[in-house]
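# Fold and contact review
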Amino acid sequence: MDQKAKIDQSCRTAEEFTKLYYESTDKRRHLISKLYLDNGLLTWNGNGITGNDRIQKFYMELPSTDHIITTLDAQPILDNAVNGQLSFLIQVSGTVKYQDKVPKSFQESFVITAQNDKWKIVSDCFRLQEPLNTEKN
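Attention in this report is confined to the structure presented alongside it. All values derive from a computational prediction rather than experimental measurement.

Cut-off values and rules
Residues numbered from 1 in each chain as written. Predicted model: local features only at pLDDT ≥ 70, side-chain atom pairs only at ≥ 80, totals over all residues. Heavy atoms only, no water. Phe/Tyr/Trp six-rings, centres within 6.5 Å; stacked < 30°, edge-to-face > 60°. Core = buried A, V, L, I, M, F, W, Y, C linked by side-chain atoms within 4.5 Å. Buried < 20%, exposed > 50% of the residue type's maximum accessible area, 1.4 Å probe, protein only. Helix = DSSP H or I, 4+ residues; strand = E, 2+ residues; numbered from the N terminus. Contact = heavy atoms within 4.5 Å. Expected span 1.5 Å × (residues − 1). Salt bridge = Lys/Arg side-chain N within 4 Å of Asp/Glu carboxyl O.

### Quick notes on the packing of aromatic side chains
- Applying the stated criterion across every chain yields a total of 11 aromatic pairs.
- An aromatic cluster is defined as three or more aromatic residues linked by ring pairs; in this entry it consists of Phe17, Tyr21, Tyr22, Trp44, Phe58, Tyr59, Phe106, Phe110 and Phe126.

Right, dumping it as C-alpha cells:
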C-alpha cells in the first residue's frame, strides 16, 4: 500500500474507531476491554495502567461520562514500529462531562494496530487540559 493510501486509511479508521471508542466509554463500559490488546497500556492523567482487565476495572470505577470530540487527526506508523502490523497514531481533543459536573477539555492519543480483522489499542494516553495559572505576581 502506498503512503497516500495509508494516510487516507488512517483518517477513515480514526473516524470509525473513535466513534466506537467514545460510544463504548460513555454507554458500554463493560465492553471497553475488548478494544485494548491484552497487554495494552492506558496512561490516564499521568497514571499508568497495563492490561485490558485492569483497564476495564479502572473505567468501571469512573463516574459516567459524555464526550464531545472537537478535533481528530491520524497518521500511519512505520510498518516495522509495531511488529510489522499496520498501525496508526490517532490524536483527539474535545470536552468530557463527568456526571453533572462542568465539562472539561481533554486530549487523548492512541496507538492502534491491526489484529486480524479488528483494531486494538496498544497505547492510550488521556489528559484533562487544565488552564495554566497566568496570574501575575
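### Description of the nonpolar core
- In terms of nonpolar packing, the biggest core is built from 26 residues, with Tyr21, Tyr36, Tyr59 and Phe110 touching the most fellow members.
- No other element matches the 5 residues that strand β4 (residues 87–98) contributes to this core.
- Leave out the neighbours within four places in its chain, and phenylalanine 110 touches Phe17, Tyr21, Tyr22, Phe88, Leu89, Ile90, Val92, Ile121, Ser123 and Asp124.

### Quick look at helix α1 (residues 3–27)
- Taking 1.5 Å per residue, 25 residues should reach 36 Å; α1 reaches 35 Å between its end C-alpha atoms and fits that length.
- Residues of α1 that are buried: Lys6, Gln9, Ser10, Thr13, Ala14, Phe17, Thr18, Tyr21, Tyr22, Ser24 and Thr25.
- Those residues of α1 that are buried are in contact with β1 (36–44), α2 (52–61), β3 (65–77), β4, β5 (104–115) and β6 (118–128).

### Let's talk about the pattern of salt bridges
- Here the structure, examined in full by the defined rule, presents 4 salt bridges.
- Here glutamate 23 and lysine 19 are joined by a salt bridge, their closest N and O atoms 3.4 Å apart. Of this pair, glutamate 23 and lysine 19 both sit in helix α1, 4 residues apart, which is roughly one turn of the helix.
- Classification of glutamate 23 by relative accessible area gives partly exposed; the value is 28%.
- A salt bridge links lysine 57 to glutamate 61, with the shortest nitrogen-to-oxygen separation between them at 2.6 Å.

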